[in-house]
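# Fold and geometry: a report
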Amino acid sequence: MATTIKPSATPNAQKGVDRRGFLRVSAIAGGGLLIASYAEDLEAATSAFGMRADYTPNAFIRITPDNVITIISKNPEIGQGVKTHLTMIIAEELDVEWKAVRIEQGDHNPAAYGGQGAGGSTATPQNWDLLRRVGAYGRSLMVESAAQTWGVPAAEVTTGAGNAYHRASNRTATYGQLADKAATLVPATPLTIQQFQALNIPLKDPKDYKIIGTKVPGVDTRKIVTGQPLFGIDFTMPGMLSAAYVKCPVFGGKVVSANLDVIKAEPGVRHAFVLDAGPAARDQLHSGVAILADTWWQANAARRKLVVQWDEGSGATHTSAQYTAKAAELGKAAPMRNLRKDGDADATIAGATKKVEAAYYVPLISHAPLEPQNTTALFKDGKLELWSATQQPAGGRALVVSTLGIKTEDITLHIMRSGGGFGRRLTNDYMVEAAAIAKQVPGVPVKLIWTREDDIQHDFYRPPQWHHLSGAVDANGRVVAWKNHYVAFGTPNSTQPNVFFGNSSGISAAEFPARFVRNFQLDGSVIETHVPLGALRAPGSNGIAYATQCFIDELAQAAGKDPIQFRYDLLSQYQADAPPAAPAGAAGGGRGGAPGGGGPQFSAERMRGVLELVAEKSGWGKTRLPQGTGMGVGFHYSHLGHFAVVVQVTVSKAGAIKVDKAWCAGDIGSQVINVLHAENQTQGGVLDGIAEALSQEITVDRGRVVQTNFNNFQLLRMRQSCPVEVHFLKTNNSPTGLGEPMLPPAVAATVNAVFAATGKRIRSLPLSKHDLKWT
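Residues numbered from 1 in each chain as written. Predicted model: local features only at pLDDT ≥ 70, side-chain atom pairs only at ≥ 80, totals over all residues. Heavy atoms only, no water.

### Some words on the environment of P723
Operational definition: Numbering of helices and strands runs from the N terminus; a helix is a DSSP stretch of H or I covering at least four residues, while a strand is a stretch of E covering at least two. The classification of residues rests on relative accessible area computed with a 1.4 Å probe and restricted to protein chains. Under 20% of the type maximum is buried, over 50% is exposed, and intermediate values are partly exposed. For this analysis, residues touch if any pair of their heavy atoms sits within 4.5 Å.
Positionally, P723 belongs in the loop between β29 (704-705) and β30 (724-730). Classification of P723 as partly exposed rests on a relative accessible area of 48%. In this structure P723 touches D660, K661 and A662, once residues within four positions along its chain are discounted.

### Things to note about the sheet that holds strand β24 (residues 519-527)
To keep it simple, the criterion reads: A pair of strands is considered paired only if DSSP assigns at least 2 bridges between the two. Fitted lines through C-alpha atoms serve as axes, helices being fitted only where they are in contact, and the angles separating the N-to-C directions of these axes extend from 0 to 180 degrees.
Spatial strand order, β16-β24-β23-β22-β17: five strands in an open sheet with mixed pairing. Across the chains shown, the open sheet's two edge strands, defined by having one partner strand only, are β16 (337-342) and β17 (354-362). Each neighbouring strand pair of the sheet contributes to a mean axis angle of 10°, computed without reference to strand direction. With eight bridges joining them, strand β22 (residues 465-473) and strand β23 (residues 479-489) adopt antiparallel strand pairing. Considered in β23, the bridge of L469 is made with N484.

### Notes on the packing of aromatic side chains
As a reminder of what qualifies: When the centres of two rings from Phe, Tyr and Trp lie within 6.5 Å, Trp using its six-membered ring, the rings pair. Their planes under 30 degrees apart give stacked, over 60 give edge-to-face, and anything left gives tilted.
Within this structure, the stated rule accounts for 15 aromatic pairs. Ring centres of F512 and F602 lie 5.4 Å apart, and the angle between their planes is 35°; this geometry places the pair in the tilted category. Here F602 lies in the loop between α17 (563-571) and α18 (604-618) and F512 lies in the loop between α15 (497-500) and β24, a separation of 90 residues in the sequence. Judged by relative accessible area, which is 5%, F602 ranks as buried. Note on F602 and Y637: the rings are 5.8 Å apart at their centroids and 85° apart in plane angle, and the pair reads as edge-to-face. A residue pair is termed long-range when its members are at least 10 positions apart, and F602 in the loop between α17 and α18 and Y637 in strand β25 (residues 629-638) qualify at 35 residues.

### What to know about the pairing of strand β7 (residues 157-160)
Bridge analysis of β7 against strand β8 (residues 163-166) gives four bridges, and the strand direction is antiparallel. The residue of β8 that forms the bridge with G160 is N163. Two successive antiparallel strands, β7 and β8, enclose a turn made up of two residues, where A161 displays a positive phi of approximately 55°.

### Regarding the packing of helix α4 (residues 123-150) against helix α5 (residues 175-182)
The condition that has to hold: With respect to orientation, any angle under 35 degrees is reported as roughly parallel, any angle over 145 as roughly antiparallel, any angle of 65 to 115 as roughly perpendicular, and every other angle as oblique. Under the scheme applied, nonpolar residues are Ala, Val, Leu, Ile, Met, Phe, Trp, Tyr, Cys and Pro; charged residues are Asp, Glu, Lys and Arg; polar residues are all the others, including Gly.
At their nearest, the axes of α4 and α5 sit 9 Å apart, and the two run at 85° to each other. Judged by the inter-axis angle, α4 sits roughly perpendicular to α5. Residues R139, L141, M142, S145, A146, Q148 and T149 of α4 form the contact with α5, whose participating residues are Y175, L178, A179, K181 and A182. Among the residues forming the contact of α4 with α5, the class breakdown is seven nonpolar, three polar and two charged.

### Some points on the pairing of strand β9 (residues 171-174)
When β8 meets β9, the two strands line up antiparallel, connected through four bridges. Bridge pairing in β9 links A164 to A173.

### Here's the deal with the sheet that holds strand β20 (residues 411-415)
Pairing in this open sheet of seven strands is mixed, and the strands run β13-β14-β11-β21-β18-β19-β20 from one edge to the other. Both outer strands of the open sheet, β13 (269-275) and β20, are each paired with one neighbouring strand and no more. Recorded for the sheet is a direction-independent mean angle of 20° between the axes of neighbouring strands. Bridge count for strand β18 (residues 374-380) against strand β19 (residues 383-388) is six bridges, and the pairing is antiparallel. By the bridge assignment, F379 is partnered in β19 with L384. Against the sheet, helix α12 (residues 393-404) contacts β19 and β20, and its axis sits at roughly 150° relative to β20.

### Quick look at the confidence of the model for the protein
Note the cut-off: A residue's pLDDT is the predictor's confidence in that residue, given on a scale from 0 to 100.
The pLDDT averaged across the protein works out to 89; a share of 87% of its residues lies at or above 70. This model gives residues 579-595 a pLDDT under 50, and the stretch forms 56 contacts once residues within four places in sequence are excluded.

### Comments concerning the pattern of salt bridges
Filter applied, for reference: By convention in these notes, a salt bridge is any Lys or Arg side-chain nitrogen within 4 Å of a carboxyl oxygen on Asp or Glu.
A complete count under the given rule lists 36 salt bridges for this structure. For the salt bridge of R567 with D553, the shortest nitrogen-to-oxygen distance reads 2.7 Å. Here R567, found in helix α17, pairs with D553, found in helix α16 (residues 541-559); they are 14 residues apart in sequence, far enough to count as distant. We note that R567, like D553, is buried.

### A word on unusual backbone geometry
Following F512, the chain continues to P513 via a peptide bond in cis, the omega torsion being 10°. Residue placement: P513 occurs in the loop between α15 and β24. With an omega dihedral of 5°, the bond running from L765 to P766 counts as a cis peptide bond. With respect to the helices, strands and loops of the structure, P766 is situated in the segment after α20 (743-758). The residue S121 is not glycine, and still its phi comes out positive at about 55°. Inspection of the secondary structure puts S121 in the loop between α3 (110-113) and α4. If you check the backbone angles, D381 has positive phi at about 55° while not being a glycine. Mapping D381 onto the fold places it in the loop between β18 and β19. Judged by its relative accessible area of 72%, D381 falls in the exposed class.

### A word on helix α2 (residues 82-94)
Turn by turn, an α-helix covers 3.6 residues, leaving residues three or four places apart pointing in a common direction. Threshold: By this rule, a helix spans an expected 1.5 Å times one less than how many residues it contains.
Between the first and last C-alpha of α2 there are 18 Å, a value that for 13 residues agrees with the 18 Å anticipated at 1.5 Å per step. When you tally the buried positions in α2, you get 13 out of 13 residues, the bulk of the element. Residue D95 follows α2 closely and has a positive phi angle near 70°.

### Quick look at the nonpolar core
Filter applied, for reference: Within this scheme, the nonpolar core is defined by two criteria: the residues are buried Ala, Val, Leu, Ile, Met, Phe, Trp, Tyr or Cys, and they are joined through side-chain atoms within 4.5 Å.
Ranked by size, the top nonpolar core spans 90 residues in total, and within it L611 and V686 carry the most contacts. Membership of the second largest hydrophobic core comes to 48 residues, among which are W128, L130, L131 and A179.

### Regarding α12
Note the following rule: Of all possible arcs, the one meant is that of the directions from the helix axis to the C-beta atoms.
Helix length check: α12 (twelve residues) gives 16 Å between terminal C-alpha atoms against 16 Å at 1.5 Å per residue, within 8%. All buried positions along α12 are accounted for by P393, G396, R397, L399, V400, T403 and L404. The arc enclosing the buried residues of α12, seen along the axis, measures out at 160°, which places them on a common side. Looking at the residues trailing α12, positive phi occurs at G405, about 75°.

### Details of the environment of T84
For the record, the criterion: Here a polar contact means two N or O atoms within 3.5 Å. Within protein one must be a hydrogen donor candidate and the other an acceptor candidate, and residues neighboring in sequence count only if both atoms are side-chain atoms.
Within the secondary structure, T84 sits in helix α2. Overall, T84 belongs to the buried group, its relative accessible area being 2%. Taking the C-alpha atoms as reference points, T84 and S73, separated by eleven residues in sequence, lie 7.8 Å from one another. Setting aside chain neighbours within four positions, we find T84 in contact with E77, W98, V216, P217, G218, V219, N674 and H677. Among the polar contacts made by the side chain of T84, one reaches the main-chain amide nitrogen of V219 at a distance of 3.0 Å.

Okay, structure coming up:
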């Protein structure tokens, strides 16, 4: 991986921990030191739900007299490397050797850890400042302990490799030897973050980093490749039963009857029963049949003999063809909502000599993580213990509380490593299913594992998008008008932005190129659906970038300009000082909005920087490519990251696509924490985007998903993969996340490359549906 350093004149510090948070330092029973942080607001919130908010001895740092240094990883690890890179931040400022540190996964304990979630590329911006200060405070305690022990000024004590040194007297002490003393140096009451910051604890100069900015393998990598149990699906315990849970193939359907007596007679089956939470909670716990057996194979063998009469409900009439026809109808009609209007796009387009119209479609797709959904649950003596692969443990706990009526303080939730998430494990429906099943068999641990078919046919899907676009360029090739009638799933009669657009279906009023085109109009209309919707890696942006960046290419062609030069020009055009207040019904984030766009944190300077870098590294325009080979480009801002991608493809005359190579340039601020994981994460995100472009689509017929497994919902095969060259542009901005922002431009770059190779504009995904033959 190559890293280019470019100072920025516009620092953009991210908000750190709330000033009403606390840092608490305690002695450990039996000797040693423990450091943790928690938030006053969170404490009040958890107390309102009856949870204990007092400190428990299982937080960020543990140092014992035998010099065992343990750092706790608080966030769920779903493959994004957070279990390694967040703990690297603490270890760096604590000034210990990485090889000497033990890393443990923390259970769900918001009172001790604060927020614990994986999603939105938030781990770095939310924790960068806090965790550096936690580590630095621990180091300062070691320095003061050594100074008092040796009777020397603290200024004469240095640290390194988990030791304190007094060079003048040639004395050394390990952190373990100083831990008991350190635990006595703090006030009895915890420090507020405001008081904590007033202590003026020195943080390391980045030039002195020994851990941050290096290539560190994942802390679990060896265990993964040697097959040691880490994931939720691996968990086992004595006396455990395995469960299958069968739901109606039509979303929202319910059980009328089932041949339970036949199932109970099957080998190994211990229980079979119907679960139905009733109309009030059916969205939280879908009606279905639970089968519990001694082994998972026995439960699923019995499942094949299950006969259920379903009430499929009104959703059984829905089809993808109906959605497509309705979207086309709405696209031609007056929009339901205006989301933004600058100038007069209609008049400008009508009077332009160079104008383009195009309709783009982004399909439903499934998350399809390699590890299917699973949770192990034990309900005993009115208390529930869960072992779950989840991205949002707090959300899962709350869902169990609201659905099953178990008090939150009676739930213990162990966070297991996830075999991929991509947003699927934000919803926790499988956790509620496992808890509900376990509640029916008190005292018996139950492990629920979905089949691959369950996972693909009962997802919370990436919602479709329909973009009805028109635009115009002037005689100088500059964009003078842009109009988008955006159609998505939602609730037509709602006046609330996060209900009007469905979950992850919204579009921001500041979405690029808003603020860069004087005559800009964004309208919205919605279609009702019964299909469950959810956030998929770079939600909203993963479709918006495709439509926007491909339409920019169409305008560039109309202007007779090179696609990258055209983007340089567009980024240098008029910029409104700030986006206007969104009209009623406009999306602004949350469930209905998209965490991307071109809002106030979008920087034309930073975006041009990554665009210039990817053009340089890919050799854009410097080589004449053979016929049938083309390069495409796309850029997008989302999750605080500015990214540009170039993809090169070769399309045979028969229409077969081969992706030759991709180049990616990203600006995530001043510091890449774990260079190895940053490179891997970026490569994976780009390949994920290419996969979405090539072949992924979910369709609905008679209210049910047609696709069933990886044979008809295809992930990227090794033979379809390509080298991905990664470059980071370091700028004077606080570090931001890396789980998502590289994916959206990769989709657009792939499709634009197909046009460059074949001359065919592809305005609906996936590419596999299209005839790409050329002569």
